[in-house]
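Reading the structure
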Amino acid sequence: MSNHIADMMFSKYIFIIGANPAVNHPVSMVHILRAKETGAKIVVVDPHFSKTAAKADEYHRIRSGTDIALVYGMLHHIIKNDLHDKKFLQERIYGYEEIIKEAMKMTPEEASNITGIPADTIRHIAEDMAKAKPASLIWNQGLTQHTVGTSNTRIMPILQMFLGNMGKNGGGVNILRGHDNVQGSSDMAANPDVLPGYYALNEASWRHFAKHWYVEYEWLLSRFKDKKMMESSGYAHSTWKFGVLEPENAANNGDTMLRALVVIGTGMTSVSLLDLQKKAMDKLELVVFIDPYVNDLAIYSDRDNDLFLLPAASQMESSGSVAATNRSYQWRSKVMEPLFECKEDQEILFEFAKRFGFLEEYQRSLYEIAKKDGRSEFIWPEDATTELTQSIRSIGLQGMSPKRLKAHQENWHMFDKVTLEGKGPFKGEYYGLPWPCWSDKHPGTPVFYNDSIPVMRGGMGFRVNWGDTSPDGKSMFSARSLPGSKIAGHPPVSAANAESLGLKLSAEEKKAVEGSTYALGFGNNILAEKALEAGLCPYGNGRARAVVWNWYDKIPLHREPIHSVRGDLVDKYPNFPDKPNHFRANIKYRSRQIEKDWVKEFPINMLSGRLVSHMGTGTETRSAKYLAEVHSEMFVEIHPDKAFELGIKDGDMVWVYGTMDTRALIKAKLSYRVDVNSVWIPQNFSGLDQGKNLLDKYPEGTAAYAIGESANMISSYGFDYNTACPETKCGLCRIEKA
């Protein structure tokens, strides 16, 4: 999230695409409605008429999976009518000329043919958004859960850069996270292709963390089969099942199939192809779920041994820092001690480490931090927070000490609710110290990429992470400097370039930082602090990349979904080629798309989303009596005309058949919220398996009050080409009356 939720109060135009904050992010929706009260225009683009759309000034229905075509159609009109910010592009963006070329191919008429939105409406949206200064753009999983999800999340910032809306209060791109620590889990390397802080899986990063963890690099290396595996991406949340079911993937996994699954703190039924997850789970030697509630996936298992449910403490029974959607870290205090046999996560993980034989190494950094403070025992989670803020310098967590975070939590009333700025003793700080927070004197960064203010007020340019020059020899440095700085664009600060950037280091400081960078160092924060003194951003001041030269699609391109309802377009806009070793699985794209004429057998477009009364997979909320009463059963929204065509009445039970030889028994709900050729289902249910009731699978006293078919039992095959995020927001199905 480049800005923050309350910052939308400064917006004049709020463009919401692939998101439904009224349901999924109600607190954010309050801020959106307040912005509307002060004059902001709210425009929603969605295949499904959502509760957010009901509150918008304009709603436009789009065919799912065609967001890139829409934006190029908008850019075509914006560029043709000279509505783009040329100065911003020339000074701060690399490769925007390639975007212009692609946009000129996508006329509003062609974009209309692809998206279903009238050409004049596309022109109207483009013109209104271009003239509104500033405009904010919001998205969520409606954009990410596609084979082109990464391209979607590239084209939206590109649109905002063409309009000059990046780095502006009331502008930016704002991705609303669904839970209180999704951002934090991402920062701490929940993704299998990075280390904490998004450090790359390479030797330099591993050596950096080895120092901060007080272990030898060689010892870390010995935990892996070899160096290649140490530096390889792991299985993703969406691809692990292929490591069990498809022998060919053993070659991607050190020549072995997966044999065990340990799940901690994630809803497994939120991932596509539930039937394959079930088959994989039953084939494993060991399955462990660590959760305060019974993880939904567990009850789908047919195994009768070696499946364990370990009761974990809830958030009320633990404490520590969590990251909000705007990158602010907040301290959460423990309300009560864990009940019954429940244990906090770290206790369970410490016990695992002990049984595996590396508890001493696992805890060593905590004891070293305690020792520096004159203690013989570490304090959890304070010392763990200190360790991560000292080690994660890539995104600037150095300034987020437990002391500062606790002070903000205890004095939240001393911060402005709109700007996040502090008062009194907190004057000059922003609530939660949104990263990057480069030092204990830095205020945090509430708005990304704002180069109109000094770095010590949260100013920054675009990160320089791709080298000083592009492959075609162009500079990757910004043409603009931050206020108070004597240097315009510059590379990341390192010991090697410190003097050339005007940073003055004593002989002692030179020795301390020798061989290090702002991100790779130990025991000090000298380079970052020297950069701040000089008005420089530690990670450089560069140009954003409109062209990503190391990806298959160097610029975002419209590609039809694998299972497209527009079979006539799949050859004109083909999906990606198949991708081997994609998060250790060989994933199909184009071969799956042309395997058959999918739309003949499955003629209906299938959409999914969330319900406001249930969170995630509904594991917790469907176990809450009164929330379960609000939405007590699974349903499928069908347009009345389509229902009439199929001989279905409101309230009838229907079979929804997916493209993976699975089906779901669901109650029909006639609704104009979908178009005539689409249906919509909520993703918050489980407990039924293709018509079979699974209540008897729950341990005594743990069954949810409301159960239903899982949407992911019938979701289609498909994964983002870069992240492997499952494609759950468009697919095909067939519906028959039960």
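The coordinates are above.
What counts, and where the lines are drawn
- Residues numbered from 1 in each chain as written.
- Predicted model: local features only at pLDDT ≥ 70, side-chain atom pairs only at ≥ 80, totals over all residues.
- Heavy atoms only, no water.
- Salt bridge = Lys/Arg side-chain N within 4 Å of Asp/Glu carboxyl O.
- Helix = DSSP H or I, 4+ residues; strand = E, 2+ residues; numbered from the N terminus.
- Buried < 20%, exposed > 50% of the residue type's maximum accessible area, 1.4 Å probe, protein only.
- Axes fitted to C-alpha atoms, helices over the stretch in contact; angles between N-to-C directions.
- Parallel < 35°, antiparallel > 145°, perpendicular 65-115°, else oblique.
- Left-handed = near helix turned anticlockwise from the far one by under 90°.
- Contact = heavy atoms within 4.5 Å.
- Nonpolar A, V, L, I, M, F, W, Y, C, P; charged D, E, K, R; others polar.
- Pairing = 2+ DSSP bridges.
- Right-handed = clockwise from strand over helix to strand, strands pointing away.
- Core = buried A, V, L, I, M, F, W, Y, C linked by side-chain atoms within 4.5 Å.
- Phe/Tyr/Trp six-rings, centres within 6.5 Å; stacked < 30°, edge-to-face > 60°.

This part covers the pattern of salt bridges. Opposite charge on two side chains makes pairing possible when the charged atoms of those side chains draw close. Taken as a whole and judged by the stated rule, the model has 47 salt bridges. Here Asp120 makes a salt bridge to Arg123, at a shortest N to O gap of 2.7 Å. Placement of both Asp120 and Arg123 in helix H8 (residues 119–131) is noted, with a separation of three residues, approximately one turn of the helix. Judged by its relative accessible area of 57%, Asp120 is exposed.

Where helix H7 (residues 108–115) contacts H8, the axes come no closer than 8 Å and their chain directions differ by 110 degrees. In terms of their interaxial angle, H7 and H8 are classed as roughly perpendicular. Note that H7 runs across H8; the crossing there is right-handed. Here Pro108, Glu109, Ala111, Ser112 and Thr115 of H7 lie close against H8, whose contacting residues are Ala119, Ile122 and Arg123. Here the residues of the contact of H7 with H8 are counted per class, giving four nonpolar, two polar and two charged.

Where burial is concerned, the two faces of strand S9 (residues 260–264) differ: the one with Leu261 and Val263 is buried and the one with Ala260, Val262 and Ile264 is not. In this structure, S9 lies alongside strand S10 (residues 286–291), joined through five bridges in parallel fashion. Residue pairing in the sheet places Leu261 in a bridge with Val287 of S10. Crossover S9 to S10 through helix H16 (residues 274–283) is right-handed.

Attention shifts here to helix H22 (residues 526–533). Taking burial as the measure, the eight residues of H22 include six buried ones, the bulk of the element. Residues Ile526, Leu527, Ala528, Lys530, Ala531 and Leu532 constitute the buried set of H22. Residues of H22 that are buried make contact with helix H21 (507–513). Two residues or fewer after H22 comes Gly535, characterised by a positive phi angle close to 80 degrees.

A separate point is the nonpolar core. By size, the foremost hydrophobic cluster in this structure holds 99 residues, and its most contacted members are Phe15 and Leu75. When residues of this core are assigned to their parent elements, the largest contribution, nine residues, is made by helix H4 (residues 67–80). With 26 residues, the next largest nonpolar core counts Met606, Val674, Ile714 and Ile735 among its residues.

This brings us to the packing of aromatic side chains. Taken as a whole and judged by the stated rule, the model has 31 aromatic pairs. A centroid spacing of 5.1 Å and a plane angle of 80 degrees characterise the contact between Tyr199 and Phe209, whose relative ring orientation is edge-to-face. With a gap of 10 residues between them, Tyr199 in strand S8 (residues 199–200) and Phe209 in helix H12 (residues 203–212) connect regions that are remote in the sequence. Note on accessibility: Tyr199 and Phe209 belong to one class, buried. Connected via pairs of aromatic rings, a cluster forms that spans Trp219, Phe350, Phe352, Phe356, Phe358, Tyr362, Tyr367, Phe378 and Trp380.

On to the sheet that holds strand S2 (residues 41–45), then. One open sheet holds the five strands; their spatial order is S3-S2-S1-S5-S6, and the pairing between them is parallel. Edge positions in the sheet fall to strand S3 (58–60) and strand S6 (173–175), since each of these pairs with one other strand and no more. When strand polarity is set aside, the average angle formed by the axes of neighbouring strands in this sheet is 20 degrees. Bridge count between strand S1 (residues 13–17) and S2: five bridges; the pairing is parallel. Counted as the bridge partner of Ile14 is Ile42 from S2. Its contacts with the sheet put helix H2 (residues 26–37) on S1, S2 and strand S5 (135–139), and the angle it makes with S1 is roughly 145 degrees. Packed onto the sheet, H8 meets S1, S2, S3 and S5 and runs at close to 135 degrees relative to S1.

As far as function goes, none of this settles anything; it's purely spatial.
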